[in-house]
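Structure at a glance
The lines below spell out each chain.
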Amino acid sequence: APAVIASPPMRSPRHLDWELCWNARDLGGLAVAAGFIQPGALVRASRLDALTEKGWAAVWDHGVRTVIDLRTGWERDQAPQRVPDAIDYVLPPLEEGLADDPEFRDWMHTGWIGTPLYYAPFVRRWPERVASAVRTIARAAPGGVVVHCSAGRDRTGMITAMLLSLLGADLATIWEDYALSDERRRMPAARALGVADSWAEAASALHAAGTTLRAALCDFVGTTPSAEVLRAGGLSDADLEALRRRLLGAVR
C-alpha cells in the first residue's frame, strides 16, 4: 500500500489575495481518502480579467503555470483575459455552443443555471465535456493550475465537486468548499467590482424545485459516480493516475 501523509501539509491561507480577483482559493489541505490535497496544486477562482500586474505577480508567486478558463466565447469576448505568456491558457469547451440546445435552454428558463440543479443532467448528457475539463487539469504542465469560470461557483463548482468526490472527500468537505463562493460574493471586494448577488434568483429556482442549495449540491454529489461519468466521457486510467499524482503529490 502506498505511504500517505497523516496530517494536513503546511499551507498558505485557503483564500488568496490576488488583487481584483474576489473569489480565489487553494484546495490545498482539503481531506480526501488518501490524505490531503497538496497546497498549490489546484486553485478555483472567479474570472481573472481584472487582475492587476500585482495580481498576476501573486498568481505566479503562488506557483500557477496553467489557467483553465471554463467560460464560453461570448463571455471571454465581454471580459477578455490578458494571461502572461509564461502561463499556459487553456479553454476546454465545457458549455461552448450549447446556448441553442433545447435542453440547456430549458434549464436557463427554469433558473437552474446558476444552481446545482443542472449539474447532474449536464454531466449525464455531456460526460465528454466534463472529462475534457478534468483531462486538461490532469495533463497540465508542471506547476499549479487555476480553474475558473465567471463567478467561480457553478461551472467551477461542478468540476471541483466531481474532483473532490473522485478523490473520496466527504459530503461535508465538498459542501463547505462550495458554500464559500456564496460567502465571497457578499464580501466588500466583490461589491467593489460590481459583482451582482444572484442569490434571489437562485433561491427562487431552488424553492420551485422543492430543495435547498445544500441539498441540491449534496444530491448531485451523492447520486453522481464521478469515476463512472469521467470514464464514460473518455478519461483514461493514465489521466486518472496523473490527476491523483498532481493533486496528491505527497502520496509516493
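As the structure is a prediction and not an experimental result, all values here were calculated from the model. (Residues numbered from 1 in each chain as written. Predicted model: local features only at pLDDT ≥ 70, side-chain atom pairs only at ≥ 80, totals over all residues. Heavy atoms only, no water.)

It is worth spelling out the side chain of R155 at this point. Along the polypeptide, R155 turns up in helix α6 (residues 155-166). There is a polar contact of 2.7 Å between the side chain of R155 and the side chain of E75. (Helix = DSSP H or I, 4+ residues; strand = E, 2+ residues; numbered from the N terminus. Polar contact = N/O pair within 3.5 Å; in protein donor to acceptor, adjacent residues only side chain to side chain.)

Below, the discussion takes up the sheet that holds strand β1 (residues 24-26). With mixed pairing, the 5 strands of this open sheet are ordered in space as β1-β4-β7-β5-β6. Edge strands, defined here as strands with exactly one partner in the open sheet, are β1 and β6 (88-90). For this sheet, the mean inter-axis angle between neighbouring strands, taken without regard to orientation, is 20°. Bridge count between β1 and strand β4 (residues 42-45): 3 bridges; the pairing is antiparallel. (Pairing = 2+ DSSP bridges. Axes fitted to C-alpha atoms, helices over the stretch in contact; angles between N-to-C directions.)

Moving on to α6. Under the 1.5 Å per step criterion, the end-to-end length of α6 is 17 Å for 12 residues, consistent within 8% with the ideal 16 Å. What α6 keeps buried is the set R155, T156, G157, M158, I159, T160, A161, M162, L163, L164 and L166. Positive phi shows up at G168, right after α6, with a value of about 90°. (Expected span 1.5 Å × (residues − 1). Buried < 20%, exposed > 50% of the residue type's maximum accessible area, 1.4 Å probe, protein only.)

Quick look at the confidence of the model for the protein chain now. Here the protein chain shows a mean pLDDT of 90. Residues at 70 or above account for 88%. Counting interchain partners and residues more than four positions distant, the pLDDT-below-50 stretch residues 1-12 has 23 contacts. (pLDDT = per-residue confidence, 0-100. Contact = heavy atoms within 4.5 Å.)

Now for the packing of aromatic side chains. Counting across every chain of the model gives 9 aromatic pairs. Members of the aromatic cluster, joined through ring pairs, are F104, W107, Y118, Y119, F122, W126 and F220. The lysine or arginine in question, R65, covers the ring of W60, its NZ or CZ lying 3.3 Å from the ring centre. (Phe/Tyr/Trp six-rings, centres within 6.5 Å; stacked < 30°, edge-to-face > 60°. Lys NZ or Arg CZ within 6 Å of the ring centre and 35° of its normal.)

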